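# A look at the structure
So the chains spell out like this:
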Amino acid sequence: MDYKSDITILAIDIGTTNVKASLFNEKGEVISLATKEVNIFSPVPGSAVQRLDELYKATLDVMREAIRNSHKISIDCISFSAQMHGLAAIDDNGREISPLITYLDTRPGEIMDLLSKEVDPYTLYKETGCPPIFIYPLAKLVWLRVRKPNIFKKAKWFLSIKDYVMYKIFGEPYIDRSVASGSQLLNIHTLKWSDLALEIAGIDEDRLPSLVDGEVVFDSISKGLSRDLGIKEDIPIVIGGSDGALHSLGVGAVRKEILALNIGTSGAVRSISNKVLIDKSNAMRFFCYYLGYGIRIPGGAINNAGICLRWFRDSFGYLEKIVSEMLDENVYDLLSREAEKACTTADKLIILPFFSGERFPVRDPYSKCVIFGLTLRHNRRHIIRGIMEGVVYVLRWIYDAMRENGLSSHVIRTGGGGSRSRLWRQIQADIFGIPVEQTKVEEASLLGAAIMGATALGVYKNIEEAVENMIKIKSCVKPIEDNVRKYEAMYQFFKYLYGLLREAFVKHYTLTI
């Protein structure tokens, strides 16, 4: 078979708010797309958890729908992308004994002082590439050990959602080194489980999934799954990588001069490096994760991006919901058009968008959303725009730390749901001061998984060739000089305001009422 002339890859992205599947051809063109929204539960204050079986069922559902919508008979490869930082526990029989504790869950922040006493934070950062942040599975393991000792003792395996899906497919949990690099349990230099981190967690590595290279063909689809999906047996499976790493690949950020920027549920900025690169400052303002192919990914991610607009949609977007259903338009497109009616800087309205604490460039599980400068002349359009601007201020803050360590870029490549909004792309260009390119395929992590699958099959000799053939640029917006000036002043004030409120966030958290 001539793969370059006829190939179909089924890519799956198991996200935090949505699970998606898409079929791609060898040119990176979307054949079909299926999406299913999934729940995040908060049964107690600070919690943000998901049910393993719901996510697995959603994964199968979108795979079936994407296959059905494509009218394709033959699939040549299945490749996976998935959310990072989640931790669940299952028993000997594979039953959930702890739901997936997502990166949005702030409860592990309770043990960060204990963790800092057990190990020098910078020493742990140098070994794992992960600063001491409550979102990592290491912190979640320590939290379970201290707060939920019965679950901690009973657990057979601690795993992420992709590992659970692999467990359901193969009967054993496997984790790719890309997802593992975001756990604070992996030695970022050797790409093996960190002895230091395991000692802190109080577990042996046999309670973790087996490490595998995500960028190669791992195995083929099982008979049971092939029957369930209605496709042929022996289709190669590529375990793939994390949604963050595959977003970088999916926008073609495989050269240092290109900065990958993602606004999905969460947000991130990432560069690439052929060696381990960490912050020289003890502030540890960015991470160093792993993509595959020997490539490290320095960058920073934020908890609060698209999920902030989702909050606004659910709380105040009743009109947009009704109109979107009547006109069959995306509700976020309507919100973006409303925000366009507000002037640059939202008439000096500042929103610290910390709905779920924050992880980069500051480590603050106690921070909350703050609307500052609200007056009688402001309305809902200013609030929407203020949220969009606040998200980009935080991403710029991370990028400034990266630039201090020699990671400078000339252009931004953006993907994720936020890339659909021209306003949000213009805000990015104006706040960062560099052009923003939008790729044709919006679902960059899915395309990244497809690129990894095509490369694993030998369709392309390396990812550079795959990127050249599978990624197309749809549009480019350039910074507007007057906006750059205005946003620079607001950005500096944004950081100043956070500094004033940081102690207040802690006092607010400890209030007894």
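See the structure shown above.
Report follows, based on the coordinates. (Residues numbered from 1 in each chain as written. Predicted model: local features only at pLDDT ≥ 70, side-chain atom pairs only at ≥ 80, totals over all residues. Heavy atoms only, no water.)

### Considering the overall build of the chain
Secondary structure summary: the chain contains 18 helices and 23 strands in total. Against the globule reference of 24 Å for 513 residues, the chain gives a C-alpha radius of gyration of 22 Å, in line with a compact fold. Seen through its C-alpha atoms, the chain measures out along the principal axes to roughly 65 × 50 × 45 Å. Each of the 513 residues in the chain was classed as buried or not, and the buried ones make up 62%. Once local pairs closer than 6 in sequence are excluded, the contacts in the chain between residues at least 24 apart make up 73%. Averaged over its 64 positive side-chain charges, the chain has a centre that lies 3 Å from the centre of its 62 negative ones. (Helix = DSSP H or I, 4+ residues; strand = E, 2+ residues; numbered from the N terminus. Rg over C-alpha atoms; globule rule 2.2 N^0.38 Å. Buried < 20%, exposed > 50% of the residue type's maximum accessible area, 1.4 Å probe, protein only. Contact = heavy atoms within 4.5 Å. Lys, Arg positive; Asp, Glu negative; His and termini not counted. Charge placed at Lys NZ, Arg CZ, Asp CG, Glu CD.)

### Concerning the sheet that holds strand β14 (residues 236–242)
On the basis of which strands lie adjacent, the open sheet formed by 6 strands has the order β3-β2-β1-β5-β14-β13 and mixed pairing. Edge strands, defined here as strands with exactly one partner in the open sheet, are β3 (30–37) and β13 (217–220). Adjacent strand axes in the sheet meet at a mean angle of 20°, parallel and antiparallel pairs treated alike. Direction of pairing for strand β2 (residues 18–25) relative to β3: antiparallel, over a ladder of 7 bridges. Across the sheet, the residue bridging to S22 is L33, located in β3. (Pairing = 2+ DSSP bridges. Axes fitted to C-alpha atoms, helices over the stretch in contact; angles between N-to-C directions.)

### Quick notes on the pairing of strand β16 (residues 267–270)
Side chains of β16 alternate between two faces, with G267 and V269 and A268 and R270 buried alike. Pairing between strand β15 (residues 258–263) and β16: 4 bridges, direction antiparallel. Residue pairing for β16: I263 is matched across the bridge by G267. Where β15 folds back on β16, the antiparallel hairpin that results is connected by 3 residues. In the sheet, β16 pairs with strand β18 (residues 295–302) via 4 bridges, with the strands oriented antiparallel. Counterpart to A268 in the pairing with β18 is A301.

### With respect to the sheet that holds strand β8 (residues 157–159)
Read from one edge of the open sheet, 4 strands run β4-β7-β6-β8, paired in antiparallel fashion. Of all the strands in the sheet, the pair left with one neighbour each is β4 (49–50) and β8. Sheet topology note: the β4/strand β7 (residues 96–101) ladder contains 2 bridges and is antiparallel. Its bridge partner lying in β7, V49 is registered against I101. Packed on one face of the sheet, helix α1 (residues 52–70) meets β4, β6 (87–90) and β7 and runs near 70° to β7. Its contacts with the sheet place helix α6 (residues 161–170) against β6, β7 and β8, and it is angled at close to 125° to β8.

### Topic: the pattern of salt bridges
Scanning the model with the defined rule gives 34 salt bridges in all. In this structure, R337 engages E329 in a salt bridge whose closest nitrogen and oxygen atoms are separated by 2.8 Å. According to the relative accessible area criterion, R337 is partly exposed, its value standing at 39%. What you see here is one network of salt bridges that share partners, running through K36, K57, D61, R64 and D228. (Salt bridge = Lys/Arg side-chain N within 4 Å of Asp/Glu carboxyl O.)

### Notes on the packing of helix α16 (residues 444–456) against helix α17 (residues 463–470)
At a minimum axis distance of 10 Å, the contact between α16 and α17 shows a crossing angle of 125°. When the axes of α16 and α17 are compared, the pair comes out oblique. In this structure, the crossing between α16 and α17 has a hand that is right-handed. Taking contact as the criterion, the partners of L447, A450, I451, A454 and T455 in α16 are, on α17, I463, A466, V467 and M470. Considering only residue class, the contact of α16 with α17 consists of 8 nonpolar, 1 polar and no charged. (Parallel < 35°, antiparallel > 145°, perpendicular 65-115°, else oblique. Left-handed = near helix turned anticlockwise from the far one by under 90°. Nonpolar A, V, L, I, M, F, W, Y, C, P; charged D, E, K, R; others polar.)

### Considerations on the side chain of E443
Within the fold, E443 resides in the loop between β22 (436–439) and α16. The class for E443 is buried, based on a relative accessible area of 16%. Non-local contacts of E443, meaning those with residues more than four positions away in its chain, are made with K20 and L33.

### Side note on the packing of aromatic side chains
By the definition in use, this model includes 27 aromatic pairs. Ring plane angle 45° and centroid distance 5.5 Å describe the contact between Y399 and F432, whose orientation is recorded as tilted. Placement of Y399 in helix α14 (residues 380–404) and of F432 in helix α15 (residues 422–432) is noted, with a sequence separation of 33 residues between them. With respect to burial, Y399 and F432 carry one shared label: buried. By the ring-pair criterion, three or more aromatic residues cluster together here, those being F354, Y393, W397, Y487, Y491, F494, Y498 and F505. (Phe/Tyr/Trp six-rings, centres within 6.5 Å; stacked < 30°, edge-to-face > 60°.)

### What about the nonpolar core?
Side chains that are nonpolar tend, in soluble globular proteins, to be buried together. Core analysis: the biggest nonpolar cluster contains 108 residues, and F158, W193 and F432 have the highest contact counts within it. With 14 residues, the single largest contributor to this core is α14. Among all residues touching F432, those that are not within four sequence positions of it are L259, L261, V269, V392, L395, R396, Y399 and I412. Ranked by size, the runner-up nonpolar core spans 41 residues in total, among them L55, Y56, L159 and I235. (Core = buried A, V, L, I, M, F, W, Y, C linked by side-chain atoms within 4.5 Å.)

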